[in-house]
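Working through the structure, step by step
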Amino acid sequence: MTRTPLAAQQWREVVIGHDDRRQVHRTTAFPWRCICALRITAQDGSVWSGTGWLAGPRLVITAGHCVYLHGQGGWAHEIEVIPGANGTSRPFGSCLSEDLFSVSAWTSRQMRTHDYGAVLLPEEMPYGAELGYFSVGVLADHELANPLLTVAGYPADKEPPFSLWSHVRRVIDVTSETLAYDVDTAGGQSGAPAWIEWKTEPVVVGIHTNGSATNNSATRITNSVMASMDLWLQEARR
């Protein structure tokens, strides 16, 4: 996530060495169209940018700090969701959030390992039913150590604004609740999907959240994270 126009330093995401990100131009193709630019208006009126991804007809998964901003009043006032954004082009239009979700470990305790949340879309805008959505997988450590990992989102350091950029590398560290990788990212990509090709389809295994001087990292998709997502999907189906 990044503030417009200033970067949110506490959630620093980094380019590691040479910038190897590549712009995605065919944002209307699957799975790129399932990645959404987020324009986040906080309770204090500040405006931020982030990334999310469709996980169901009305559900967009993102970082917890994109929906609940501790330093800006808590729950976002509203989030504009723009699937498949390509600079000034909005091939599928946009909509405003109907509701926001996260977990208490993030909203109450700001735990890095629980930095994930979701945006519920209005009933009249079930983007996932039209565009499709990502599969999500809980994989074992050894299954995450070898495959190539893709992270794609909307970095604020690239022109034009709201252009989609992607980079592919391997995971360099796996813990019980996080994944670390030397994929290049920047502010604005918080909430981006981190996926591998699993049995010929893209499967999200992490939610990109932050970085350090040597790597970037994601909240790993675990059974606990999947359980939260299942509850939010049930809410989206009501």
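All of these numbers come straight from a predicted model, not from anything done at the bench. Sequence order as written defines the numbering, with residues in each chain counted from 1. A pLDDT threshold of at least 70 governs which residues receive local features in this predicted model, and a stricter bar of 80 or more applies before side-chain atom pairs are shown or counted, although totals over entire chains, interfaces and linings include all residues. Side-chain numbers come from the whole structure's heavy atoms, not from hydrogens or water.

pLDDT expresses how confident the predictor is about each individual residue, on a scale running from 0 to 100. Here the protein chain averages 92 in pLDDT, and 95% of its residues register 70 or above. Throughout, a contact is declared for two residues whenever any of their heavy atoms are within 4.5 Å. In this model residues 5-11 is a low-confidence stretch, pLDDT under 50, and it forms 11 contacts with partners more than four residues away in sequence or in other chains.

Here we come to helix α5 (residues 223-237). Compared with an ideal rise of 1.5 Å per residue, which puts 15 residues at 21 Å, α5 spans 21 Å between its outermost C-alpha atoms and is within 8% of the ideal. Exposure categories follow from relative accessible area, calculated using a 1.4 Å probe and restricted to protein chains: below 20% of the type maximum is buried, above 50% is exposed, and the middle band is partly exposed. Secondary structure is summarised from DSSP: a helix means a run of H or I of at least four residues, a strand means a run of E of at least two, and numbering begins at the N terminus for each. Buried within α5 we find V225, M226, S228, M229, W232, L233 and A236. In an axial view of α5, the angular spread of the buried residues amounts to 155°, which keeps them on one side of the axis. Opposite the buried face of α5, at more than 90 degrees from it, the exposed residues are N223, L231 and R237. Each helix should span, by expectation, one fewer than its residue count multiplied by 1.5 Å. For this quantity, the arc is that covered by the directions from the helix axis to the C-beta atoms.

So, on to the nonpolar core. Within this scheme, the nonpolar core is defined by two criteria: the residues are buried Ala, Val, Leu, Ile, Met, Phe, Trp, Tyr or Cys, and they are joined through side-chain atoms within 4.5 Å. In terms of nonpolar packing, the biggest core is built from 53 residues, with I40, I61, I79, V81 and W232 touching the most fellow members. A total of six residues in this core trace back to one element, the largest contributor, which is α5. Look past the residues within four positions of I79 in its chain and what remains in contact with it is L38, R39, I40, C66, V67, C95, L96, S97, L100 and V119. With 13 residues, the next largest nonpolar core counts L144, V151, A192 and V205 among its residues.

To continue, consider the pairing of strand β15 (residues 178-181). Residues T178 and A180 line one face of β15 and the alternating positions L179 and Y181 line the opposite face, and both faces are buried. Sheet topology note: the strand β14 (residues 164-174)/β15 ladder contains three bridges and is antiparallel. Bridge assignment links V171 to a residue of β15, and that residue is Y181. Only when DSSP finds a minimum of two bridges between them are two strands counted as paired. Counting the residues in the hairpin turn of β14 and β15 gives three residues. Note: β15 against strand β18 (residues 216-220), four bridges, orientation antiparallel.

Time to look at the pattern of salt bridges. By salt bridge we mean one thing: a side-chain nitrogen of Lys or Arg within 4 Å of a carboxyl oxygen of Asp or Glu. Taken as a whole, this structure holds seven salt bridges when the rule is applied. Put simply, R21 and D19 hold a salt bridge, and the shortest N to O gap is 2.8 Å. Residue D19 is classed as partly exposed on the basis of its relative accessible area, which comes to 25%. Across the salt bridge formed by D19 and K158, the nearest N and O atoms sit 3.0 Å from each other. Within this pair, whereas D19 is found in the loop between β1 (2-3) and β2 (22-24), its partner K158 is found in the loop between β13 (148-153) and β14, the two being separated by 139 residues in sequence.

So, on to the packing of aromatic side chains. When we look at a pair of aromatic rings, we describe it by the centre distance and by the angle of the planes. For Phe, Tyr and Trp, where Trp contributes only its six-membered ring, two rings pair if their centres lie within 6.5 Å, and the inter-plane angle classes them as stacked under 30 degrees, edge-to-face over 60, or tilted in between. With the rule as written, the count across this model stands at six aromatic pairs. Between the aromatic rings of F101 and W232, the centroid separation amounts to 5.8 Å while the plane-to-plane angle is 10°, which identifies the pairing as stacked. With a gap of 131 residues between them, F101 in strand β10 (residues 99-102) and W232 in helix α5 connect regions that are remote in the sequence. A cation sits over an aromatic face here: K158 above W165, 4.4 Å from the ring centre. Should the NZ of a Lys or the CZ of an Arg lie within 6 Å of a ring centre and within 35 degrees of the ring normal, that charge is described as sitting over the ring.

Another point: the pairing of strand β8 (residues 78-83). Burial runs high along β8: five of the six residues are buried. With six bridges connecting them, strand β3 (residues 35-41) and β8 associate as antiparallel partners. The residue of β8 that forms the bridge with C36 is P83. Relative to strand β9 (residues 95-96), β8 runs antiparallel, the two being bridged by two bridges. Bridge pairing in β9 places E80 opposite L96.

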